[in-house]
Each structure stands twice: as structure tokens, then as C-alpha cells.
Amino acid sequence: MISDLAKNLLHCKQGPLTRELLRSPGRFGLGQLPVRKQPDAVTTTTCGFCGTGCGLNIHLKDGEAISLSPRTEYPVNLGMACPKGWEALAVLDSGDRATTPLLRDQAGKLIPVDWETAATTFVDRFKSIQKKYGNDSVAFLGSGQLPNEEVAFLGALAKFGMGFVHGDGNTRQCMASAVTAYKQSFGFDAPGYTYQDYEESDVIVFIGANPCIAHPIMWERVTRNRNNPTIVVIDPRLTETAMQADLHLQIRPKGDLSLFYGISRLLIENDWIDRDFIDSHTNQFENYQRFVQDFSLQRTVEESGLTPQLLKDVTRIIAGGEAVSFYWTMGVNQSYQGTRTAQAIINLALMTGNIGKPGTGPNSITGQCNAMGSRLFSNTTSLFGGRDFTKKEDRQEVADILAIDEGDIPSVNSWPYHKIMDGILGGKIKGLWVICTNSVHSWINQNQSRDILERLDFLVVQDMYHNTETAKMADLVLPAAGWGEKQGTFINSERRINTIKKVAKAPGQALSDFSIFKLLAHYWGCEEMFRQWTTPESVFQILKRLTKGQPCDITGIEDYNMLDEMGGVQWPCPDLGSSYAVRDRLLESNQRRLYEDGRFYHSDGRAKFLFEEPRPLSEPTSEKYPFILLTGRGTAAQWHTQTRTKNSAVLRKLYPSDPFVEINPADAKKREISMNDWVFVKSQRGKMKATAFLTHSVQPGQVFIPMHYKQTNNLTDAVFDPDSHQPSFKACAVTIFRVGTY
Ligand SMILES: Nc1nc2c(c(=O)[nH]1)N[C@H]1C(S)=C(S)[C@@H](COP(=O)(O)OP(=O)(O)OC[C@H]3O[C@@H](n4cnc5c(=O)[nH]c(N)nc54)[C@H](O)[C@@H]3O)O[C@H]1N2
Ligand SMILES: Nc1nc2c(c(=O)[nH]1)N[C@H]1C(S)=C(S)[C@@H](COP(=O)(O)OP(=O)(O)OC[C@H]3O[C@@H](n4cnc5c(=O)[nH]c(N)nc54)[C@H](O)[C@@H]3O)O[C@H]1N2
Ligand code: SF4
Ligand SMILES: [Mo]
């Protein structure tokens, strides 16, 4: 599919009509192909969808993009791109784009206003709320899809310039459990791998991850592995990825934690562990060893839903591998016990010594293009550069680097997303600024969250499109430029930093988020604080200084040019005294992994074994709600809430436009549901209509609905991991019946 699409699109101007013309000129009464613009220059950029971070060539005519192609020499994608990457320019061109600020008038209608009115309204309304209810009565929600320079500007402007205390982002829905797991286990949030590891393992275990759909180009890297690796997939569903596996463990939803403890016990029992590594580089193994004794084969089988044989098989495969790597994504993170599950994966890697060597590691795959960057620079969960808001010395360091007052930095942690929502419900938060995320669609238990957002005195939404579910509820909409229309840097899953370029003009009066932040700083009266924040590249220089001496030190990167020349740079990349030294090192190896010396970031240099008793499903099935609903990614052509991908005619052809629910044929038969019947799926919280897709890829008693349809989160249950505060999107109880039979 990828190569066909590539052939189709490589030489086309991006735009549905032109593409249609090129494919079937006869249909339009044209004897020959229209004259195509020939590119006169090429620049490079990084894809703005998923955390793979593929490199793209942008072909320009008179400085404007006319088409794109994947970079062949780039260490990430080696000439490949998935459908979203190929169509990245097409989605910019849409009648849904927000082209002017919009303000809700007395009659409740959103009407176009100029930027001055928008900015003064923003300032007046937020300041008056702060005056009446306190500085912490306003909050913001940002995104892992903003470049580092913008996400940092937002975090600094809101928290240091405007006095906000609470701010979070959509990465809470996504990476929080991995972040917390790494921080607690290793002492810093640092996934250690490099994509080359996909090619160097002889055993690869995917847990709650479906890369064939969600990270197709990472999956392509797996297919290049010459060691004929044994691939294990742990997923309740027989996914596209599971179909490619040597061993598929069709785990009971949320049974992973018991499974990993059971595997740990078997590894210990058989002495298939790396004692030397454990003794030299970890703490608390004795406690872990004692803890997992409770996970007998029988208990593990019961709690994981697997057979004893499968359990023994997977243990033997892990023990027998020379280089075993474990990759996990949302099937792990999005859970009421996501942090511990991620740590149980980390424990497996530690106890078998599978870390810091080629082809190994407990490796979290990131979701969005800059989820990794937002972890370092969003100034939400942690203070800039992975620091701590509650530590005076950390605040002082940041204050010194930014030449601001230490007193301007909040000394308390932000509330996470769900506490911000609770804060609105409880009347503590009255104003909310939502940037680059479509909360009304993507947040859990949508009926409740809509009701919560309606209670706000003032809601500002800053988005590329004027008609997202969230923008429709806003009092003020700020029109933003998107990927391709602005500059900055992203960090991908393997910690590789690279640039994005401005290759297209934003429509109408839309401004880059960077320019919007500058404008708002001016009207707020705090622009003096940001006098050095003149361009994205000047902010990049500030971000470098914020990493100095931290595990994520990137002071060795000179500027954007160096990133372009080197094919991106993985962090850390400290200043080695001369730029030649840094360049030499990068030329020698632009593939680096962490933990090669077995040292972790806790003060004693050791990693910790962390564990806890597994808990039962947060909402078990009942007679009334007999199915477990799983949610996740549907196709490689759909991105999240679809505000972007629905604008490409090519992508639209690659997914069903109606919401659908996957149901096992046995269950369907019992309920007299046939293929493509319209059904209702109902939970305690809401219901949705979908077409039935009968498939053995879901087990009896389970159903699956992609998250891309706006109704899906009507059903989900607002339950959170107590450590990471990540929503448990993936399992709740529902019932299902054919429309007209209830
Ligand atoms: N095409 C496309 N690609 C994307 C995205 C997109 O929207 N569209 N989004 C990007 C983002 S932000 C993210 S976070 C990633 C997500 O990437 P993935 O996490 O790979 O995708 P999901 O489909 O959300 O979830 C993965 C799998 O978890 C399984 N699962 C559910 N419950 C459990 C469980 O209890 N245990 C186990 N072991 N597995 C379980 C589901 O069946 C599903 O197959 O994708 C990124 N890439
Ligand atoms: N049921 C269920 N729900 C889920 C999930 C699930 O698996 N199941 N997955 C969760 C996960 S992992 C994630 S990451 C979230 C994603 O949830 P969202 O963040 O809500 O999803 P997006 O559609 O990516 O929303 C991004 C918004 O930003 C806008 N935008 C894009 N680029 C720019 C820009 O440069 N500037 C500005 N200002 N706006 C821009 C887009 O138009 C869009 O409205 O969904 C979560 N929700
Ligand atoms: S795999 Fe991800 S980064 Fe690569 S082209 Fe597809 S969406 Fe873009
Ligand atoms: Mo995500």
C-alpha cells in the first residue's frame, strides 16, 4: 500500500482536484495531463503526525511547497512514509481552516473580529477572572503536537508571565504513565533506545502497541531486521501487528501486570536472570523476588487469561534471546495501573540485563510528533529541562537562565488534566485556554466533560480549524498556523531532535502559535520578560541553556543548521568544548542509546525495581453491560479527532466514514447482529450508534471502537492511574444491540 500510494503521490501537486485530474484526465475531458509546476528547490522537514518523526523532502516552487517525498538518507525512515506523511500538505488546504479570530457575541454566535479585539478580550477576561478569583482560577491545556519552541513559550508565558499556576496537555492522555514509570525507576524520564534497535534484536515484544497501524514506519524498521527475530505481541485483539507475530498473547484486558509478575517468577525460578547486572546496577531486587513468589502459574493463568503453556513459552523466549527489546504504547499507559505495568516491563528488562546494549531495552513508543519534546519543555508536569517546581534551587536555576525573578515561578506543581476538569466542576477554575488539542472529542467520558466545559466563564480555543468540537464551544477562537506553516523543532521517540520548516502560508489572518504567544505577551504587558524570545531559533538557544548539566543536555547542538546537516541529533548532546568535537562524535555515530554504562539517574546510579499488587478491572462487566469496550487507533490514515486527516481526499478513501464497532461473530449471532447492521453501543455514561463489523480479531465478550469517531468517548469511564493521572481509555463495560431491537 505504501509504495502504491508513493507512486501515486510522488509527482502530484497536493490538492484533491489536481490529483483527481492526474489520475483520470479523461473524466474531465482533458486529453493530456495538465502542466505541472516543476520544483525549483528542496528543503527538508520532519513529519508532524506521529512520534516516529520521519524526515520529508519538501519540493518548493517560488518558496512554496508543491509536493513532498520521504527522505531516503534520513536515519529514521530511510525513504519511507505512511499515508498521513504523504498527505501532510493536503490537509492544510481546507474550508474548515480558522482564518480570523472569532468572538462569541451577545446572541451566542461566533463572529469574526480582528486580532486587536481578540487579544484585548483575552487579556481583559482572563485578568478580571484572576482579579476576582485569584491567579490560579485560570488554566491552560497544551499539546504534544506543538514544536519545542512553542510549547516552551506557552509554558513560560502562562506560568511566568500571566501568573497561571495550572497547566497540562494532551500528553497526559498519552505518555504520562511512561513518564512516571521512567522517572521513578530510573530517576529521569529517559527512554534509552535508538530505532536501530528494531533491527538488532533477536526477540521483540510489543505490549499494548499496534505499530502496523499507529507507527507504520517503525514497523518497517522491524521488517528490516536480519536476525529473523521472534516477535511476541501482547494484545487482547488480534491486531494487524499480532497477525505478523510468532507468538500472540491474547491477554485479558489489564491482565498484563499479573502476567509480567508471573513471568518474573518463572525467570527467577529457572535462574534465567542476569545476577551480575542486578547486583551492580539495581536496587530492591530482593523485595521484588519475594513479591513475585505470589504469582504462581495458576494465579497468573487466571488473571492473565492465558494458558500455562503460553506462559512458559513466552518466558523461555525472553530468557533465550540474546538481545530482547520490549516496546509498549497505549495498551499499557492508558490504564488505572499504567505506571506499574510500564514498570513491570522495565523490571523484566533489568532482571534479564536487556538494557543499554544493541537491540534491547524497555522502550516506550511516543504518540505525537513532539510528545518527547513536551516532556522536557512544556513547563507543566516538570519545570523546564526535567526540573522540579517544588525545589527552590531548581527554580533559581531556571530564573537565572531566563533572567527573571525566582518569585515569578510557581513553587507548586500544576494540577494534572483531570484535576483541572474537577477544578472547573468545583468552581475553582473559571477560565481555560486550550491550545492544539480537541478536548471535547478526545477527553474521557464526554457527556460529563462537555457539561464541565460549559460551566467556564471564559473558554479560549487556539486551533488550525474553526469547527473542532472544542472550538464550537469556545468564547474566543484564535486561528493558528499548522505544521508546514511555521518553524521549530520536534523530538521523536528515540530522542532525535530535528527541525520543521515553514513551506506554506497560513490562510487568512491565521498566525503561528509562536506569533500568537508574542502578541498576547504584548497585550498582557509582560513582553519585557520575553524580549529574548524573538524567533523560534532564538528560543531554541534558550532551551539549550535550560538543558545544560541535565540528563537531556543539548548544549552541543549549535543551531538549526547543524540539526539539518547531521540528520537530527539525539539527546543528550552536551557541549564538548568545541563544535568540531561534537560534530566528530555525531559523524562517528548518529545512533546512540542510553544506559550503556549501566548507570541510571538516581543519585546512587542504580535503577529501582518497583511493583504493586494488581487491581481488578475498574469497571467489570455485568449482566446489563456484558462486554468490555476497547478503544484505540483504527487505520493508518486517521489521526486522532480527524480535524486534520479528514481534509485529505486520499486519506478519506482509506477509512470507513461511519463509526464502526468490531464484534466477535459468536456474540453477534447471539444478539442477531449481522455485518454492517446499525447497532447501539451503550455504557453507563452514554451511547453511540455504529455499524457492526463482525471479526474474530476481537475475543468474545469484547468489542473495539476506534477513537477517531467523536462519539467514542461518550462511553468511556473517567478512571485514572493514581501515579501518572493518565485516563484509563481502554477498558469499560458496555452493552450492544441492533438498532430497533431495544
Ligand atoms: N494512524 C494513526 N497513528 C497514530 C495515531 C493516530 O491517531 N492514528 N496516534 C498517535 C498517538 S498520539 C499515539 S499515543 C499512538 C498510539 O499507538 P498504539 O498504542 O499502538 O495504539 P492504540 O490502538 O491506541 O493501542 C494499542 C493497542 O492496545 C491494545 N490494548 C487495549 N487494552 C489492552 C491491555 O489491557 N493490554 C494490552 N497489552 N493491550 C491492550 C489495543 O487492543 C490496541 O491494539 O499512535 C500514534 N500514531
Ligand atoms: N477513547 C479514547 N480516547 C483517546 C485515546 C484512545 O486511545 N481512546 N487516545 C488519547 C491520546 S493517546 C491522545 S494523544 C489524544 C489526542 O487528542 P487530541 O489532542 O484532542 O487530538 P487531535 O485531533 O490531535 O487534536 C489536536 C488539535 O490541534 C489542532 N492543531 C493541529 N496542529 C496545530 C497547531 O500547530 N497549532 C494549533 N493551535 N492547533 C493545531 C488540530 O486541528 C486539533 O483540533 O486522544 C486521547 N483520547
Ligand atoms: S509514520 Fe508517523 S512520522 Fe512517519 S510519515 Fe507516518 S505519521 Fe509521519
Ligand atoms: Mo497519544
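Note: the structure precedes this text.
Rules of the game
Residues numbered from 1 in each chain as written. Chains lettered and ligands numbered in written order. Predicted model: local features only at pLDDT ≥ 70, side-chain atom pairs only at ≥ 80, totals over all residues. Heavy atoms only, no water. Helix = DSSP H or I, 4+ residues; strand = E, 2+ residues; numbered from the N terminus. Rg over C-alpha atoms; globule rule 2.2 N^0.38 Å. Buried < 20%, exposed > 50% of the residue type's maximum accessible area, 1.4 Å probe, protein only. Areas by Shrake-Rupley, 256 points an atom, 1.4 Å probe, with all protein chains shown as cover. Lys, Arg positive; Asp, Glu negative; His and termini not counted. Charge placed at Lys NZ, Arg CZ, Asp CG, Glu CD. Expected span 1.5 Å × (residues − 1). Pairing = 2+ DSSP bridges. Axes fitted to C-alpha atoms, helices over the stretch in contact; angles between N-to-C directions. Near = heavy atom within 4 Å. Polar contact = N/O pair within 3.5 Å; in protein donor to acceptor, adjacent residues only side chain to side chain. 1 Å grid on protein atoms, 1.4 Å probe; cavity = no way out; pocket = protein on both sides within 12 Å on 5 of 7 lines; lining within 4 Å. Sits in = over half its atoms within 2 Å of the grid points. Nonpolar A, V, L, I, M, F, W, Y, C, P; charged D, E, K, R; others polar. Core = buried A, V, L, I, M, F, W, Y, C linked by side-chain atoms within 4.5 Å. Domains from an automatic or database assignment. Contact = heavy atoms within 4.5 Å. Points joined across faces, edges and corners; volume = space filled by probe spheres on them. Parallel < 35°, antiparallel > 145°, perpendicular 65-115°, else oblique. Left-handed = near helix turned anticlockwise from the far one by under 90°. Salt bridge = Lys/Arg side-chain N within 4 Å of Asp/Glu carboxyl O. Phe/Tyr/Trp six-rings, centres within 6.5 Å; stacked < 30°, edge-to-face > 60°. Lys NZ or Arg CZ within 6 Å of the ring centre and 35° of its normal.

Draft legend 1. Local environment of the overall build of the chain. When helices and strands are tallied, the chain shows 28 helices and 26 strands. In summary, the chain has a C-alpha radius of gyration of 25 Å against a globular reference of 27 Å for 742 residues, a match within 12%. When each of the 742 residues of the chain is scored for burial, the buried share is 64%. Accessible surface, the chain: about 26,700 Å² in total, of which carbon and sulfur atoms supply 48%. Treating the 80 positive side-chain charges of the chain as one cloud and the 82 negative ones as another, the clouds have centres 5 Å apart.

Draft legend 2. Expanded view of helix α11 (residues 256-269). A rise of 1.5 Å per residue sets the reference length of α11, with its 14 residues, at 20 Å; its end C-alpha atoms lie 20 Å apart and thus fit the reference within 8%. Where burial is concerned, most of α11 is hidden: 13 out of the 14 residues are buried. Asp 271 sits one or two positions beyond α11 and adopts a positive phi of about 55 degrees.

Draft legend 3. Representation of the sheet that holds strand β22 (residues 660-663) within the structure. Taken in spatial order, the 6 strands line up as β21-β25-β22-β24-β23-β26 and close into a barrel, and their pairing is mixed. Between one strand axis and the next, the sheet turns through 45 degrees on average, direction left out of account. Judged from the 2 bridges that link them, β22 and strand β25 (residues 702-706) form a sheet pairing that is antiparallel. Across the sheet, residue Glu 662 finds its bridge partner in β25, namely Phe 704.

Draft legend 4. Summary view of the site of ligand 1. Taken together, 34 residues form the shell around ligand 1, and within it Ala 214, Asp 235, Lys 254, Asp 256 and Gln 638 come nearest. Between ligand 1 and Ile 234 there is a distance of 3.0 Å, counted from a nitrogen atom to a backbone nitrogen or oxygen. Within the side chain of Lys 730, a nitrogen or oxygen atom sits 2.8 Å from an oxygen atom of ligand 1. Its free accessible area being 910 Å², ligand 1 has 99% of it covered by the protein chains. With respect to the pocket detection grid, ligand 1 is positioned in the second largest cavity. Only α8 (211-214), α16 (330-333) and β21 (627-632) provide two or more residues apiece to the shell around ligand 1. Tallied by class, residues from the shell around ligand 1 come to 14 nonpolar, 13 polar and 7 charged.

Draft legend 5. View of the site of ligand 3. Close to ligand 3 lie Cys 47, Phe 49, Cys 50, Thr 52, Gly 53, Cys 54, Ala 81, Cys 82, Lys 84, Gly 85, Pro 216 and Ile 217. Those elements that place two or more of their residues in the shell around ligand 3 are α3 (83-86) and α9 (216-223). When grouped by side-chain class, the residues that make up the shell around ligand 3 number 8 nonpolar, 3 polar and 1 charged.

Draft legend 6. Up close: the nonpolar core. If you look at the biggest cluster of nonpolar residues, it comprises 126 residues, and the most contacted ones within it are Phe 122, Leu 157, Phe 160, Met 351, Trp 433, Leu 478 and Trp 571. For this core, the domains that each give at least three residues are domain 1 (102-164 + 370-588) and domain 2 (176-365). With residues up to four places along the chain from it excluded, the contact list for Leu 157 reads Met 162, Trp 433, Phe 517, Leu 520, Ala 521, Cys 526 and Phe 530. Residues Ala 88, Val 91, Ile 217 and Tyr 465 belong to the second largest nonpolar core, which totals 25 residues.

Draft legend 7. Structural detail: the environment of Ala 471. Here Ala 471 is to be found in the loop between β15 (458-463) and β16 (476-479). Accessibility expressed as a relative area gives 0% for Ala 471, which makes it buried. On a C-alpha basis, the gap between Ala 471 and Gly 508 in space is 18 Å, while along the polypeptide they are 37 residues apart. Aside from chain neighbours lying at most four places away, what touches Ala 471 is Leu 110, Val 461, Tyr 465, His 466 and Val 477.

Draft legend 8. View of empty space enclosed by the protein. Here the structure, examined in full by the defined rule, presents 10 cavities of 30 Å³ or more. Looking at the largest cavity, its volume works out to about 560 Å³. Around the largest cavity, the lining comprises 38 residues; the ones closest to its centre are Gln 145, Asn 170, Gln 368, Cys 436 and His 640. In terms of domain composition, the lining of the largest cavity takes at least three residues from each of domain 1 (102-164 + 370-588) and domain 3 (627-738). Of all the elements in the fold, those that place two or more residues in the lining of the second largest cavity are α8, α16 and β21. Three or more residues apiece are contributed to the lining of the second largest cavity by two domains, here domain 2 (176-365) and domain 3 (627-738).

Draft legend 9. Fine view of the packing of helix α19 (residues 392-402) against helix α24 (residues 536-547). Across the interface, α19 lies against α24 with an axial gap of 10 Å and an inter-helix angle of 150 degrees. In terms of axis orientation, α19 runs roughly antiparallel to α24. The interaxial crossing formed by α19 with α24 has right-handed handedness. Facing Val 398, Ile 401 and Leu 402 of α19, the residues of α24 in contact are Ile 542, Arg 545 and Leu 546.

Draft legend 10. Representation of the packing of helix α5 (residues 148-161) against α24 in the model. At a closest axis distance of 9 Å, the pairing of α5 and α24 adopts a crossing angle of 75 degrees. In terms of axis orientation, α5 runs roughly perpendicular to α24. Residue-level inspection shows Asn 148, Glu 149 and Ala 152 of α5 in contact with α24, the latter providing Pro 536, Val 539, Phe 540 and Leu 543.

Draft legend 11. Representation of the environment of Glu 565. By the secondary structure assignment, Glu 565 is in helix α25 (residues 560-566). Owing to a relative accessible area of 53%, Glu 565 belongs among the exposed residues under this scheme. Put simply, Glu 565 and Arg 583 are 18 residues apart on the chain and 9.9 Å apart in space, counted from C-alpha to C-alpha.

Draft legend 12. The pattern of salt bridges, seen in detail. Using the criterion set out here, one finds 31 salt bridges in the structure. The residue Arg 97 makes a salt bridge to Glu 485 at a minimum N-O spacing of 2.8 Å. Taken together, the positions of Arg 97 in the loop between α3 and β4 (102-104) and Glu 485 in strand β17 (residues 485-491) put the pair 388 residues apart, joining distant regions of the chain. Here Arg 265 and Glu 269 are joined by a salt bridge, their closest N and O atoms 3.2 Å apart. Taken together, the residues span about one helical turn, with Arg 265 and Glu 269 both in helix α11 at a distance of 4 residues. By relative accessible area, which is 17% here, Arg 265 ends up buried. Because the salt bridges share partners, they merge into one network encompassing Glu 150, Lys 486 and Asp 513.

Draft legend 13. The pairing of strand β7 (residues 166-169), seen in detail. Both faces of β7 are covered, namely the face carrying His 166 and Asp 168 and the face carrying Gly 167 and Gly 169. Direction of pairing for strand β6 (residues 138-142) relative to β7: parallel, over a ladder of 4 bridges. Each bridged residue has a counterpart across the sheet, and for Ala 139 the counterpart in β7 is His 166.

Draft legend 14. Examining the packing of aromatic side chains more closely. Within the structure shown, the criterion is met by 45 aromatic pairs. Residues Tyr 417 and Trp 443 carry aromatic rings whose centres are separated by 3.8 Å and whose planes lie at 10 degrees to one another, so their mutual orientation is stacked. Here the residue Tyr 417 occupies a position in helix α20 (residues 417-425), and Trp 443 occupies one in the loop between α21 (439-442) and α22 (446-454), the gap between them amounting to 26 residues. Pair check on accessibility: Tyr 417 and Trp 443 agree, each one buried. Between the aromatic rings of Phe 680 and Phe 737, the centroid separation amounts to 5.8 Å while the plane-to-plane angle is 55 degrees, which identifies the pairing as tilted. With Phe 680 in strand β23 (residues 678-682) and Phe 737 in strand β26 (residues 732-738), this pair connects stretches of sequence that are 57 residues apart. Exposure remark for Phe 680: the relative accessible area of 19% places this residue in the buried category. Grouped by ring-pair contacts, the aromatic residues Phe 122, Phe 126, Phe 140, Phe 153, Phe 164, Trp 433, Phe 458, Phe 514, Phe 517, Trp 524, Phe 530 and Trp 533 constitute a single cluster. The lysine or arginine in question, Arg 97, covers the ring of Tyr 465, its NZ or CZ lying 5.7 Å from the ring centre.

That's the geometry; what it means functionally is another story.
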